[in-house]
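Notes for the structure review
Each chain is listed here by its residues.
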Amino acid sequence: MITQDFIDLESEFGANNYKPLDVVLCRGEGLWVWDVEGKRYLDCLSSYSAINQGHCHPRILQAMIEQAKKLTLVSRAFRNDQLGPFYEEICKLTHSHSVLPMNSGAEAVETAIKAIRKWGYTEKRVPEGKAEIIVCDNNFHGRTLTIVGFSTEKQYKEGFGPFTPGFISIPFGDSAALEKAITPNTVGFLVEPIQGEGGVIVPPEGYLKSIREICDQNNVLLVIDEIQTGLGRTGKLFAEEHEGIQSDLTLVGKALSGGFYPISAVLSNKEVLAVFNPGDHGSTFGGNPLGCAIAREALRVLVEEDMIGNSATMGEYLMAQLKEIDSPHIKEVRGKGLLIGIELKQEAGGARRFCEVLQKEGILCKETHQHILRLAPPLLIQKENIDWALERIERVLTSS
Ligand SMILES: *Cc1c(COP(=O)(O)O)cnc(C)c1O
């Protein structure tokens, strides 16, 4: 079968909820992926930052195989010998008090919403049914009904209502708006430290510090969604560290397994997770031994192979070089670490066509919103790989 055969099969039998680039991949190793015709590409999307450790990392693969031979799933009806060690290791690494494991990112977000609502009723004493949660315009927290209900992106919600009430949206990066939106019934503020899907939007310097203070002053829980920005992507373990703050709840997913397996978690710095009693919440696969073993090794790899430090230095280099590109199409280059957005001017005709030309040049990336090219390679990228990519990116952005 060649590329077109696979594409035809997908469109004959699949739901049409994605518009991928027409490249059919069949193998990955580190920074690189190969298509069914044998062509090699540099992965500059990293599966939306789920592949921070690179494709098919040999150590994570080994951990997965070893555990898969022993025990994969017992459900939480019984205990397993991977769960406790996973809890201890992730809490120590992230300076958290407790953790609740789930599977997808959206489930971690849903879990956090349940936790802060219950905290609001039992600890803050908000009247029953009145809890309010503040979110930001242009947010992306996943695709479940509750989550799309508080999205400000028209397409995410059109045709899917009615939605869960209790959410208020304010402008991102505006701490005065947060202060104004808080009422006695506000239980939490859910925010991304950098809006990834929203177009790599970096808030003004001091924003995280200031929302931390506002939340403290008003007894409002700060929930930071680090599903995309966390685990080294921005050059720190968590993006919140750039301003030296700690959330009350931090959400992780994506790279928590290095791309081998869906695993997410809610990390708690206050005892918010203590509001859950047996039976309040759960998941058949959440906290299963296979997922835990994979996540343990994925975290060790990030730290032991200094991928976080590399993300900081290589990110700085890539960003500086991109800013040097003299292209009539570029409006702005921004980001942190290896999460970089190149915003193109309206007249450039959209980012998609540049992604298609970059694909021909051997680089895979994806537009986010209409005019933004996101570059987020695996965190093991080296200077020579960046130089190789820059030559092509410059050619495409200056000649097309
Ligand atoms: C990807 C993402 C999610 C959702 O994760 P899924 O695993 O796709 O459900 C939530 N929040 C942010 C910031 C994300 O980037």
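Residues numbered from 1 in each chain as written. Predicted model: local features only at pLDDT ≥ 70, side-chain atom pairs only at ≥ 80, totals over all residues. Heavy atoms only, no water.

Here we look at a nonpolar patch on the surface
Note the threshold: Candidates for patches are residues over 30% relative accessible area with no salt bridge; among them, like charges are joined within 9 Å and nonpolar side chains (Val, Leu, Ile, Met, Phe, Trp, Tyr) within 5 Å. Methods summary: accessible areas were calculated by the Shrake-Rupley approach with a probe of 1.4 Å, and residue burial reflects only the protein chains presented. By definition here, a salt bridge exists when the distance from a side-chain nitrogen of Lys or Arg to a carboxyl oxygen of Asp or Glu is within 4 Å. Using a 1.4 Å probe on the protein chains alone, a residue whose accessible area is under 20% of its type maximum counts as buried, one over 50% counts as exposed, and one in between counts as partly exposed.
Taken together, the side chains of Met 1, Leu 9 and Phe 13 make up a nonpolar region of the molecular surface, amounting to roughly 370 Å² of accessible area. A residue is classified by how much of its surface remains accessible, and Phe 13, at 65% relative accessible area, is exposed.

Observations concerning the nonpolar core
Cut-off, in case you're wondering: As used in this record, nonpolar core signifies buried Ala, Val, Leu, Ile, Met, Phe, Trp, Tyr and Cys residues forming a set joined through side-chain atoms within 4.5 Å. Put simply, DSSP H or I for four residues or longer makes a helix, DSSP E for two residues or longer makes a strand, and each gets a number counted from the N terminus. Contact criterion: two residues are considered in contact whenever any of their non-hydrogen atoms come within 4.5 Å of each other.
Residues Leu 256, Leu 322, Ile 342, Leu 373 and Ile 393 are the most contacted members of the largest nonpolar core, which totals 66 residues. If you tally residues by element for this core, the top one is helix H10 (residues 289–304), at eight residues. Not counting chain neighbours up to four residues away, the residues in contact with Ile 342 comprise Leu 322, Ile 330, Glu 332, Val 333, His 371, Ile 372, Leu 373, Leu 375 and Leu 397. Counting 30 residues, the second-largest nonpolar core is a separate cluster that includes Ile 113, Val 187, Val 275 and Phe 276.

Describing the packing of aromatic side chains
The cut-off we apply is this: Whether two aromatic rings pair depends on their centres lying within 6.5 Å, for rings of Phe, Tyr and Trp, where Trp uses its six-membered ring; planes under 30 degrees apart make the pair stacked, over 60 edge-to-face, and the rest tilted.
In total, this model carries five aromatic pairs according to the counting rule given. An angle of 80° between the planes, with centres 5.3 Å apart, marks the rings of Trp 32 and Trp 388 as edge-to-face. Remark: Trp 388 occurs in helix H13 (residues 383–399) and Trp 32 occurs in strand E2 (residues 32–35); sequence separation between them is 356 residues. Taking the relative accessible area as the measure of exposure, Trp 32 reaches 13% and is therefore buried. Take Trp 388: its relative accessible area is 25%, and that puts it in the partly exposed class. With 5.6 Å between their ring centres and 70° between their planes, Phe 172 and Tyr 207 make a pair best called edge-to-face.

Thoughts on empty space enclosed by the protein
Counted only if it meets this: Using protein atoms alone on a 1 Å grid, points that fit a 1.4 Å probe yet trap it form a cavity, whereas open point sets bounded by protein on both sides within 12 Å along at least five of seven lines form a pocket; residues with an atom within 4 Å of a point count as lining. Grid points are joined across faces, edges and corners, and a volume is the space filled by probe spheres set on the points. In this count, Pro and Cys sit with the nonpolar residues alongside Ala, Val, Leu, Ile, Met, Phe, Trp and Tyr, while Asp, Glu, Lys and Arg are called charged and the others, Gly among them, polar.
A full pass over the atoms with the stated rule returns two cavities of 30 Å³ or more. Looking at the largest cavity, its volume works out to about 50 Å³. Lining the largest cavity are Asn 138, Asn 139, Phe 140, Ser 151, Thr 152, Glu 153, Tyr 156, Glu 197, Gly 198 and His 369. Taken together, the residues of the lining of the largest cavity sort by class into two nonpolar, six polar and two charged. In terms of lining, the second largest cavity is formed by Leu 42, Cys 44, Leu 318, Leu 375, Pro 377, Ile 381, Ile 386, Ala 389 and Ile 393. Per-element tally for the lining of the second largest cavity: the top contributor is H13, with three residues. Its residues placed into classes, the lining of the second largest cavity shows nine nonpolar, no polar and no charged.

Some points on the site of the ligand
Using the following cut-off: Near is defined per residue: the residue qualifies when any heavy atom it owns lies within 4 Å of the molecule or strand. Whenever a nitrogen or oxygen atom comes within 3.5 Å of another N or O atom, the pair is scored as a polar contact, on the condition that within protein one atom can donate a hydrogen and the other can accept it, and that pairs from neighbouring residues in sequence are kept only if both atoms are in side chains.
Every residue lining the ligand is accounted for by Ser 104, Gly 105, Ala 106, Phe 140, His 141, Gly 142, Glu 192, Asp 225, Ile 227, Gln 228 and Lys 254. The separation between an oxygen atom of the ligand and a polar main-chain atom of Gly 105 is 2.8 Å. Contact between the ligand and Gln 228: an oxygen atom at 2.8 Å from a side-chain N or O atom of the residue. Calculation on the ligand without its partners gives an accessible area of 380 Å², and the protein chains cover 81% of this total. Among the residues forming the shell around the ligand, the class breakdown is three nonpolar, five polar and three charged.

Quick look at the domain arrangement of the protein
This is how it is decided: For every domain, the bounds stem from an assignment made automatically or drawn from a database. The term buried area means the drop in 1.4 Å probe accessible area that two parts suffer when joined, counted for both and summed.
Assigned domains of the protein: these are domain 1 (3–56 + 309–399) and domain 2 (58–304). Centre-to-centre separation of domain 1 and domain 2, based on C-alpha positions: 26 Å. Per-residue buried area on domain 1 facing domain 2 is highest for Gln 53, Lys 336 and Leu 339; these three make up 30% of the total on that side. Counting across the domain 1 and domain 2 interface gives one salt bridge. Between Glu 197 and Arg 374 there is a salt bridge, and its shortest N-O distance comes to 2.6 Å. At the boundary of domain 1 with domain 2, the tally comes to 18 residue pairs in polar contact (both at pLDDT 80 or more). If you list the elements that add at least two residues to the side of domain 1 that touches domain 2, you get helix H2 (46–49), helix H11 (307–324), strand E11 (330–336), strand E12 (339–344) and strand E15 (372–375).

Thoughts on the sheet that holds strand E1 (residues 25–29)
Quick note on the threshold: Think of it this way: DSSP has to see at least two bridges between two strands before they count as a pair.
Overall, mixed pairing links the four strands, which are arranged E1-E2-E3-E13 in an open sheet. Edge positions in the sheet fall to E1 and strand E13 (363–364), since each of these pairs with one other strand and no more. In this structure, strand E3 (residues 40–43) lies alongside E13, joined through two bridges in parallel fashion. Paired with Leu 42 across the bridge in E13 is Ile 363.

Observations regarding the pairing of strand E9 (residues 249–252)
Judged by which residues are buried, E9 turns out to be covered on both faces: Leu 249 and Leu 251 on one side and Thr 250 and Val 252 on the other are all buried. The pairing of strand E8 (residues 221–225) with E9 spans three bridges and is classified as parallel. Bridging from a neighbouring strand, Asp 225 pairs with Leu 251 of E9. Bridge analysis of E9 against strand E10 (residues 264–268) gives four bridges, and the strand direction is antiparallel. Bridging from a neighbouring strand, Leu 249 pairs with Ser 268 of E10.

Side note on the side chain of Thr 3
Inspection of the secondary structure puts Thr 3 in helix H1 (residues 3–13). On the basis of relative accessible area, Thr 3 is assigned to the buried category, the value being 14%.

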